[in-house]
Amino acid sequence: MTNQLVISRGTKRSIVRALLSVALTLVATSIIFLINNVNPFLAFIYMFQGAFGDINLLSETLIRMTPILIVSLGLAVSFKCKIWNIGAEGQLYIGAMLGTIVAIGIGGGPLALLAALVVGALGGLLWAAGPALMKVKLGINEVITTFLMNFVGIYLVQWMISYPFRSPDTLFPESAAIPSTSALAVILPRTRLHLGVVLALALVPVVYFLLERTTFGYKVKVVGESPEAARYGGIEVGRMIFVSLIFSGLLAGLAGITEVMGIQHRVRGSLSPGYGYTGIVVALLGQNNPLGVALASLFLAAIMNGSSTLAWTMNIPMGIVDLMQGLLFVFVLASEPLMRFLERRGVLKL
Amino acid sequence: MAITPLSSPFFNDKEQDNGKDAEYAVFLKGITKIFPNGTVANHDVTLGILKGEVHAILGENGAGKTTLMRIISGILKPDSGEILIDGKPVRIRDPMEASRLGIGMVHQHFTLIPEFTVRENIALVLATSGWLNLKKVDEKITSVSKSMGLEIDPDSKIESLPIGKRQQVEILRLLCQDVKILILDEPTSVLTPIEVDSFFRMIRDLKSSGKTIVLITHKMKEALQISDRITVLRAGRVIKTIPTSEANEALLASLVVEGMIPATVVRRGTPGAPVLRVESLRVSDDRGRPAVDGLSLVVRSGEIVGIAGVAGNGQKELVEAITGLRRVESGTVRLALHDITNKPTRFIIERGISYIPEDRLHRGVILTMGVHENLALKCIGKPPMSRKSVIDRGLVLRNAENLISRFSIKVPDPCTSVENLSGGNIQKLIVARELSNGGEVLIAEQPTAGLDIKASEAVHQELVALRSKGIGILLVSSDLDEIIKLSDRICVIFGGRIVGEFVPENLDIERLSRLMLGAE
Ligand SMILES: Nc1ncnc2c1ncn2[C@@H]1O[C@H](COP(=O)(O)OP(=O)(O)OP(=O)(O)O)[C@@H](O)[C@H]1O
Ligand SMILES: [Mg+2]
């Protein structure tokens, strides 16, 4: 609720913090490139080209961004409440699976699409509800429960696509394809860019509004910053924790089903290369601000797609994606103490 | 920076020497501190603390007292100026460095870890080498507390100790670090007069064992009683340093605040029908032991009921039970026609109970959120602050601006986060929010703790005004003067029960004190 026109000191600080984390990641990656006799400048240029070089590459990056953005917007809400949902990956798979079953069951048409999206989102919500209940009713740490539920969820989906919902017409364990009439429409001819990206981008202002303009967002913030003050102020702390956690599950599920309806058209074991985990880095890098999260998810998507170009131009293994993501995670976490250190030393004046 | 001190006729020539003189334990020369948001907290402060003296610092809320002390103890860095310890210029980089120089500070808000025992809390600051030698810590605690004549069980948890004892632990912790200069930031603001007495005895003992003590307070009486010299700060500058023998209350008051302090005219209220009715209430404390033990109490509309008592006799639990923050074991709490026993806090707030909590930092505000957001805490869920869950941001801001000017809260702008406010201004914020709530009952716990004389007066006036509007007020305070001044009825609490009741007209202070100590 800060004044809109002037960028507040806090916002400025957040931006500097994010940029600092990115800069440190790039520096550290450069060092690793140098050790391996790779020119880092060249490498980053190839990476950039690989992500944004032409309309096709750009649309692939946006496609990549779509599920990451949807997941991390949800995580931003739960992180604001200081609820650490580490289980978005599992919620994403469950959402994708349930939504796909509905889409195939209804069989074609926009109604099936809509139903699939709704059910997919609810599936993610459902998968988050378990840990949420355990947190609120029994006080069990959500980090552990949400994380462990990932394995349960992912293996459950593996089993479902291996046995009960296995497609009859393929050799691999995967579900049947959704009817093409219910897929998310392609919005740019001769690319795979689909309506999902519009949905994801539209969610940015929605979540922003939710966090900054509604009493829900206000309460989430108060509970996150000071549960004791929240209790004193008459805010139902348990309820806010529950709602913010299942909200992040809702968006994780939506991300999963969007990926199916837009790109994969069926559930495979390889549906997500860890979007649920990437979302954590993105939400942290974007400092739980929907706009920041949007930029951060574009950045991570660019790293992912740029790296594959890097892989075949400079013969660098694809593992570089995980490396950079890991470094980013470390530096985002380290950036706050680092900023404070710099401020104390008077190097940084904000 | 060559800025001549304000109001030079007041300026004390003695301090103008260069401080190289070794008779000064601490000498501050031209200290200026400007916070990143532009607030000038200290402006060219020159101040000497003599070895072995008790030096009181007075000043309005936000005058820069805490900031100055934080600079001495290495928590903050001055933007310009010099610090001399024992006549030698030093740079105090961090609190560790300060502690090596023999400087230690007890903060305005306690920093002991409540879940830890006394021993653990002290071990935490002594463990500088990475090794924790608990036996050595124990020896240190025993020898120091023996020499000070303190009776503290090293195994008791901090949360189980009354405020007065916690204070002693804070000081014990400093002494275990072999501190020579003790800085105490408003140590007496939540102590009862009895506790203040024993606290002052300890200060005198410390002084006679050669320690130097700097003490911040808002109470003129205390400064006059305990100190050797007094320095008054206003708006970040030193107004005057005088020997206590040359000071009196009126002089100090005129130095601390500009202009006259309007004295509250307190006429007794005209109580109406009962609004808050507590009957045979039983409540347990955090460790499950009975804290409120069959207590009954009535507050009528247009009446101030004062609860007098030594902290730790069930006041906290009583208030928490009324406000829905603690479970009631048995008995009832009724608000006008509603039974509010064990109802959710939100329900109780909506039925019209406002509450100024004692634990202002953790309960009363959200430190990392803006002043405007904090001021809206209790009313954001209702129209006109929000409609259909959508917040009217303009109104939130206007509401904040109103309250800030009405209660003269000192803030750079209404959106700064509360952590940037001085202690007294945080208190003003809470008071502003709770007094403007409306409702039928106000529960005020230490409403003027940490407020300067002017702000205390203003709060008293607001309380009296609320009373004449027919609101029932339950005043819980360790400040007996405050209770006597405002209350229509005084209830003495001891061991979780009301053990005596007085009307101020025929008050027997002797008997009141005896009752507070459970001597009857
Ligand atoms: N971290 C900070 N950032 C910005 N401004 C600050 C910060 N800390 C204090 N201030 C401002 O500096 C001024 C002096 O604050 P300080 O805490 O020293 O006052 P004080 O004399 O101790 O008051 P009180 O009696 O209320 O405790 C206040 O106006 C306060 O708002
Ligand atoms: Mg202070």
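Cut-off values and rules
Residues numbered from 1 in each chain as written. Chains lettered and ligands numbered in written order. Predicted model: local features only at pLDDT ≥ 70, side-chain atom pairs only at ≥ 80, totals over all residues. Heavy atoms only, no water. Helix = DSSP H or I, 4+ residues; strand = E, 2+ residues; numbered from the N terminus. Rg over C-alpha atoms; globule rule 2.2 N^0.38 Å. Buried < 20%, exposed > 50% of the residue type's maximum accessible area, 1.4 Å probe, protein only. Contact = heavy atoms within 4.5 Å. Areas by Shrake-Rupley, 256 points an atom, 1.4 Å probe, with all protein chains shown as cover. Lys, Arg positive; Asp, Glu negative; His and termini not counted. Charge placed at Lys NZ, Arg CZ, Asp CG, Glu CD. Donors = N, O, S within 2.8 Å, 3.2 Å for Na, K, Ca; no water. Pairing = 2+ DSSP bridges. Polar contact = N/O pair within 3.5 Å; in protein donor to acceptor, adjacent residues only side chain to side chain. Near = heavy atom within 4 Å. Nonpolar A, V, L, I, M, F, W, Y, C, P; charged D, E, K, R; others polar. Domains from an automatic or database assignment. Buried area = accessible area lost by both parts, 1.4 Å probe. Salt bridge = Lys/Arg side-chain N within 4 Å of Asp/Glu carboxyl O. Phe/Tyr/Trp six-rings, centres within 6.5 Å; stacked < 30°, edge-to-face > 60°. Lys NZ or Arg CZ within 6 Å of the ring centre and 35° of its normal. Expected span 1.5 Å × (residues − 1). Core = buried A, V, L, I, M, F, W, Y, C linked by side-chain atoms within 4.5 Å. Axes fitted to C-alpha atoms, helices over the stretch in contact; angles between N-to-C directions. Parallel < 35°, antiparallel > 145°, perpendicular 65-115°, else oblique. Left-handed = near helix turned anticlockwise from the far one by under 90°.

A word on the overall build of chain A. Summing up its helical and strand segments, chain A has 13 helices and zero strands in all. Taken from the N to the C terminus, the helices and strands of chain A come in the order α-α-α-α-α-α-α-α-α-α-α-α-α. Here the C-alpha atoms of chain A give a radius of gyration of 21 Å, agreeing with the 20 Å that 2.2 N^0.38 yields for 350 residues. Its C-alpha atoms give chain A principal-axis dimensions of about 65 × 60 × 35 Å. By residue count, 53% of the 350 residues in chain A fall in the buried class. At a minimum sequence separation of 6, the contacts of chain A that also span at least 24 residues come to 76%.

Looking only at helices and strands, chain B features 17 helices and 22 strands. By the compact-globule yardstick of 24 Å for 520 residues, chain B fits well, its C-alpha radius of gyration being 24 Å. Pairs at least 24 apart in sequence give 68% of the contacts found in chain B among residues at least 6 apart. Summing over all exposed atoms, chain B offers an accessible surface of approximately 21500 Å²; the carbon and sulfur share of this is 52%. With 66 positive and 65 negative side-chain charges, chain B shows a separation of 3 Å between the mean positions of the two kinds.

In this section: the coordination of the magnesium ion (ligand 2). All names here are of chain B. Bound to the magnesium ion (ligand 2) on the protein side are Thr-66 (OG1) and Gln-108 (OE1), at distances that span 1.9 to 2.4 Å. In this pair, Thr-66 is assigned in helix 1 (residues 65–72) and Gln-108 in the loop between strand 6 (103–106) and helix 3 (118–126), connecting sequence segments 42 residues apart. With respect to burial, Thr-66 and Gln-108 carry one shared label: buried.

All right, on to the pairing of strand 13 (residues 304–308) of chain B then. Residue and element names in this part refer to chain B. Of all five residues in strand 13, five are buried; the element is thus mostly enclosed. Across the two faces of strand 13 the burial is the same, with Ile-304, Gly-306 and Ala-308 and Val-305 and Ile-307 all buried. Where strand 13 and strand 20 (residues 472–476) come together, four bridges link them in parallel fashion. Opposite Gly-306, over in strand 20, you have Leu-475 as the bridge partner. Relative to strand 21 (residues 489–494), strand 13 runs parallel, the two being bridged by four bridges. Paired with Gly-306 across the strands is Ile-490, a residue of strand 21.

Residue and element names in this part refer to chain A. Note that Thr-191 resides in the loop between helix 6 (142–162) and helix 7 (196–213). On the basis of relative accessibility, which here comes to 13%, the residue Thr-191 falls in the buried class. A distance of 2.7 Å separates a polar side-chain atom of Thr-191 from the backbone oxygen of Leu-188. For Thr-191, the side chain forms a polar contact with the main-chain nitrogen of Leu-193, separated by 3.2 Å. Excluding residues within four positions of it along the chain, Thr-191 makes contact with Asn-56, Ser-59 and Val-186.

Further remarks concern the site of ligand 1. All names here are of chain B. Around ligand 1 there are 22 residues in total, and Gly-62, Thr-66, Thr-67, Ser-422 and Gly-424 lie nearest to it. When ligand 1 is considered free in solution it has 640 Å² of accessible area, and contact with the protein chains removes 92% of it. If you list the elements that add at least two residues to the shell around ligand 1, you get helix 1 and helix 14 (423–435). Residue classes in the shell around ligand 1 are distributed as four nonpolar, 14 polar and four charged. The residues that make up the shell around ligand 1 include at least three from each of domain 1 (1–101 + 215–257) and domain 2 (274–516).

Residues and elements named next belong to chain B. Annotation of chain B at the domain level lists domain 1 (1–101 + 215–257) and domain 2 (274–516). Taking only C-alpha atoms, the centre of domain 1 and the centre of domain 2 are 34 Å apart. Of the residues lining the interface, twelve residues belong to domain 1; the matching set on domain 2 comes to 16 residues. Summed over both partners, the interface of domain 1 with domain 2 comes to about 940 Å²; 51% of that surface belongs to carbon and sulfur atoms. Where domain 1 touches domain 2, the interface holds one salt bridge. The residue Asp-481 makes a salt bridge to Lys-221 at a minimum N-O spacing of 3.2 Å. In the side of domain 1 that touches domain 2, the residues fall into three nonpolar, six polar and three charged.

The next thing to look at is the packing of aromatic side chains. Enumeration over the complete set of coordinates arrives at eight aromatic pairs over all chains. Measuring from centroid to centroid gives 5.7 Å for Phe-33 of chain A and Phe-44 of chain A, while their planes differ by 65 degrees, and the two rings are edge-to-face. With Phe-33 of chain A in helix 1 (residues 9–35) and Phe-44 of chain A in helix 2 (residues 40–52), this pair connects stretches of sequence that are eleven residues apart. Judged by relative accessible area, Phe-33 of chain A falls into the buried class, the value being 2%. For the ring pair Trp-159 of chain A and Tyr-163 of chain A, a centre distance of 6.5 Å and an interplane angle of 45 degrees mean the geometry is tilted. Taking the relative accessible area as the measure of exposure, Tyr-163 of chain A reaches 59% and is therefore exposed. Across from the ring centre of Phe-347 of chain B, 5.5 Å away, lies the NZ or CZ of Lys-343 of chain B, which sits over that ring.

Looking now at the interface of chain A and chain B. On the side of chain B, 31 residues touch chain A, which itself brings 24 residues to the contact. Summed over the shared surface of chain A and chain B, the number is three salt bridges. For the side of chain A that touches chain B, the secondary-structure elements that each account for two or more residues are helix 7, helix 8 (215–225) and helix 9 (227–232) of chain A. Of the residues forming the side of chain A that touches chain B, the biggest block, five residues, is contributed by helix 8 of chain A.

Right, let's talk about helix 7 of chain A for a bit. Each α-helix winds once per 3.6 residues, and so residues spaced three or four apart point in a common direction. Between its first and last C-alpha, helix 7 of chain A extends 25 Å over 18 residues, near the 26 Å set by a 1.5 Å rise per residue. Where helix 7 of chain A is buried, its residues meet helix 3 (55–80), helix 8, helix 10 (237–264) and helix 12 (290–314) of chain A together with helix 13 (393–406) of chain B.

Turning our eyes to something else, we now look at the pattern of salt bridges. Under the counting rule described, the total for this entry stands at 41 salt bridges over all chains. In this structure, Arg-363 of chain B and Glu-228 of chain A form a salt bridge, with 2.6 Å as the shortest nitrogen-oxygen distance. With Arg-363 of chain B in helix 11 (residues 360–364) and Glu-228 of chain A in helix 9, this pair bridges two chains. For Arg-363 of chain B, a relative accessible area of 10% puts it in the buried group. For Glu-228 of chain A, a relative accessible area of 24% gives the class partly exposed. One salt-bridge network, held together by shared partners, links Glu-228 and Arg-231 of chain A together with Asp-286, Lys-316, Glu-320, Arg-326 and Arg-363 of chain B.

What follows concerns the nonpolar core. With 176 residues, the main nonpolar core has Met-261 of chain A together with Leu-281, Leu-297, Ile-322 and Ile-353 of chain B as its most contacted residues. The element contributing the most residues to this core is helix 10 of chain A, with 14 residues. If near-sequence neighbours (up to four positions away) are discounted, Ile-353 of chain B is found in contact with Leu-276, Ile-322, Thr-323, Leu-335, Ile-340, Ile-348, Val-441 and Ile-443 of chain B. Ala-123, Ile-163, Val-169 and Ile-226 of chain B belong to the second-largest nonpolar core, a separate cluster that totals 36 residues.

This part is about the environment of Leu-174 of chain B. Residue and element names in this part refer to chain B. For Leu-174, the location among the structural elements is in helix 5 (residues 163–176). Placed 214 residues apart in sequence, Leu-174 and Lys-388 show a C-alpha to C-alpha distance of 53 Å. Excluding its chain neighbours within four sequence positions, the residues that come into contact with Leu-174 are Gly-104, Met-105, Val-106, Val-179 and Leu-182.

Our next topic: the packing of helix 1 of chain A against helix 13 (residues 320–345) of chain A. Residues and elements named next belong to chain A. Relative orientation of the contacting elements helix 1 and helix 13 amounts to 130 degrees, with a least axis distance of 7 Å. Relative to helix 13, the element helix 1 is oriented oblique. Where helix 1 crosses over helix 13, the handedness of that crossing is right-handed.

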